[in-house]
Amino acid sequence: MRKNIGLICSLGLAVILFSSCSDIEKSETIDMEALTVEIQAMEDAYSSAEKEKDADAVVVYYSDDAISYGSNRQPDKGKAAIRKYRAEQIAKDTLGGYNVYKVVDLFADGESLVEIGSWTEYDADGVEVENGHYMSYFQKRDGKYVCVRDMSNTTKPLK
């Protein structure tokens, strides 16, 4: 009888624990559709800032301690270094080209998320010049998402 009481108590405790865990999971459900809209708005703002040649507006996307990894160069470490690189790239553009960024997939968990996206570069006439992919890792800080790491590549073959 004692074994049965112990078993019944153990099962009861397990039921309580599992049911309370599932309530927590239900209350923390992430609205992926709303999150996709939010991140796409950030990508659109980034693109607009590049087009407007506003490096300060570009780096609103990043945290102060962000690191940006690009092809064929060392990573830019910190918001100031990222701003410097973006300003140099913007200054080099004399043809009026622009980029479009698109959220392809998001993976979210609590206060962080990973975005996989695609980018397309267009010339001033709207003709596609190049395209590629990127990954961005975001953390929610002070109530909003900021990019703390990103990496991009091109689909353009090496020469």
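Data block above holds the structure.
Remember, predicted model here, so these are calculated numbers, not experimental data.

1. Section: the sheet that holds strand β5 (residues 128–141)
In step 1: Pairing is mixed across the open sheet formed by six strands, whose spatial order is β2-β1-β6-β5-β4-β3. The outermost strands of the open sheet, each flanked by one partner alone, are β2 (76–77) and β3 (98–109).
In step 2: Two elements, strand β1 (residues 62–69) and strand β6 (residues 144–154), share four bridges in a ladder whose sense is parallel. What sits directly across from S68, in β6, is D150.
In step 3: Strand contacts of helix α2 (residues 32–51): β1, β3, β4 (112–122), β5 and β6, with the helix running at about 150° to β3, the strand carrying the most contacts.
In step 4: Contacting β1, β2 and β6, helix α4 (residues 79–92) runs over the sheet at an angle of about 55° to β1.

2. Here's the deal with the pairing of β4
In step 1: Here 11 bridges tie β3 to β4, and the two strands are oriented antiparallel to one another. Each bridged residue has a counterpart across the sheet, and for K102 the counterpart in β4 is S118.
In step 2: Between the end of β3 and the start of β4, which pair antiparallel, lie two residues, with G110 showing a positive phi angle near 65°.
In step 3: In this sheet, β5 lies alongside β4 in antiparallel orientation, the contact comprising 11 bridges. Across the sheet, residue E121 finds its bridge partner in β5, namely E130.
In step 4: The antiparallel pairing of β4 with β5 creates a hairpin that spans five residues between the two strands, and G126 there sits at a positive phi of about 85°.

Calculation rules
- Residues numbered from 1 in each chain as written.
- Predicted model: local features only at pLDDT ≥ 70, side-chain atom pairs only at ≥ 80, totals over all residues.
- Heavy atoms only, no water.
- Pairing = 2+ DSSP bridges.
- Helix = DSSP H or I, 4+ residues; strand = E, 2+ residues; numbered from the N terminus.
- Contact = heavy atoms within 4.5 Å.
- Axes fitted to C-alpha atoms, helices over the stretch in contact; angles between N-to-C directions.

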